[in-house]
Amino acid sequence: AQSVTQPDIHITVSEGASLELRCNYSYGATPYLFWYVQSPGQGLQLLLKYFSGDTLVQGIKGFEAEFKRSQSSFNLRKPSVHWSDAAEYFCAVGANNDMRFGAGTRLTVKP
Amino acid sequence: DAGVTQSPTHLIKTRGQQVTLRCSPKSGHDTVSWYQQALGQGPQFIFQYYEEEERQRGNFPDRFSGHQFPNYSSELNVNALLLGDSALYLCASSFNNSPLHFGNGTRLTVT
């Protein structure tokens, strides 16, 4: 069965610092992987996706993620965090007709 | 170009009542998925509609039902509401396995 684990419930970083959010997945075949961001009271916005090909994918807002099959991971990174990046981040795996989300990581950005 | 729109934005119901939530997909999208997001958790897949049929269903009881109309809009119905049904209900639309586009959700409170 497919599943997603986001080990960090809450992360705090200083503005301008680098960021890495962890995501581990379990999936029977080559996974489709996604990162979404959710601001308070809002729906989910797609940051980036991996279907196949280059294992380093670029997304919006300066985010990138790297697919590592050997580690079953799809970690999200950003070299320099902005205050506006404070939000909840969700990793997801699967196809559109049955997408599984992790529990999310809440990002706080210190001035 | 309107994105995914959901109505109402907030709703308060009493245990045992029934509720209907509505969703209009993004222009050009023909597939609608519904998710339940409990407080502090990731979205959980309820079901997906395509060509007015339920194509896939997650692990939710029959109290949760849906419908898709010829214009691709969709409704989620929940009967015999329980306190545990209190959550943010998210609608997402897609076309031809494109990534999901989410609405801002309907916040349902059951008292």
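Predicted, not measured: the structure shown is a model, and the values here were computed from it.

**Some details on the state of the cysteines**
- Counted according to the given criterion, the structure contains two disulfides over all chains.
- Between the sulfur atoms of Cys23(A) and its disulfide partner Cys91(A) the distance amounts to 2.0 Å. Its S-S torsion of about -65° marks the bond between Cys23(A) and Cys91(A) as left-handed, since a negative value means left-handed. You can see Cys23(A) sitting in the loop between strand 3 (19-21) and strand 4 (24-26) and its partner Cys91(A) sitting in strand 10 (residues 87-93), a full 68 residues away along the chain. Each member of the pair, Cys23(A) as well as Cys91(A), is classed as buried.
- One disulfide bridge connects Cys23(B) with Cys91(B), the sulfur atoms lying 1.8 Å from each other. One disulfide, between Cys23(B) and Cys91(B), carries an S-S torsion of -65° and so falls in the left-handed class. Placement of the pair is Cys23(B) in strand 3 (residues 19-24) and Cys91(B) in strand 9 (residues 87-94), with a sequence separation of 68 residues. Here Cys23(B) matches Cys91(B) in class, with each residue buried.

**Observations regarding the packing of aromatic side chains**
- Going through the model one piece at a time under the given rule, you end up with 15 aromatic pairs over all chains.
- Geometrically, the ring pair formed by Phe101(A) and Tyr35(B) is edge-to-face, given 5.5 Å between the ring centres and 90° between the ring planes. Remark: Tyr35(B) occurs in strand 4 (residues 31-37) and Phe101(A) occurs in strand 11 (residues 100-101); the pair is interchain, linking two chains.
- Since its relative accessible area comes to 0%, Tyr35(B) is described here as buried.
- By way of ring pairs, the aromatic residues Tyr32(A), Phe34(A), Tyr36(A), Phe51(A), Phe101(A), Tyr35(B), Phe45(B) and Phe102(B) are connected into one cluster.
- In this structure, Arg55(B) packs its charged tip against the face of Tyr50(B), placed 4.5 Å from the ring centre.

Calculation notes
- Residues numbered from 1 in each chain as written.
- Chains lettered and ligands numbered in written order.
- Predicted model: local features only at pLDDT ≥ 70, side-chain atom pairs only at ≥ 80, totals over all residues.
- Heavy atoms only, no water.
- Disulfide = S-S within 2.5 Å.
- Helix = DSSP H or I, 4+ residues; strand = E, 2+ residues; numbered from the N terminus.
- Buried < 20%, exposed > 50% of the residue type's maximum accessible area, 1.4 Å probe, protein only.
- Phe/Tyr/Trp six-rings, centres within 6.5 Å; stacked < 30°, edge-to-face > 60°.
- Lys NZ or Arg CZ within 6 Å of the ring centre and 35° of its normal.

As far as function goes, none of this settles anything; it's purely spatial.
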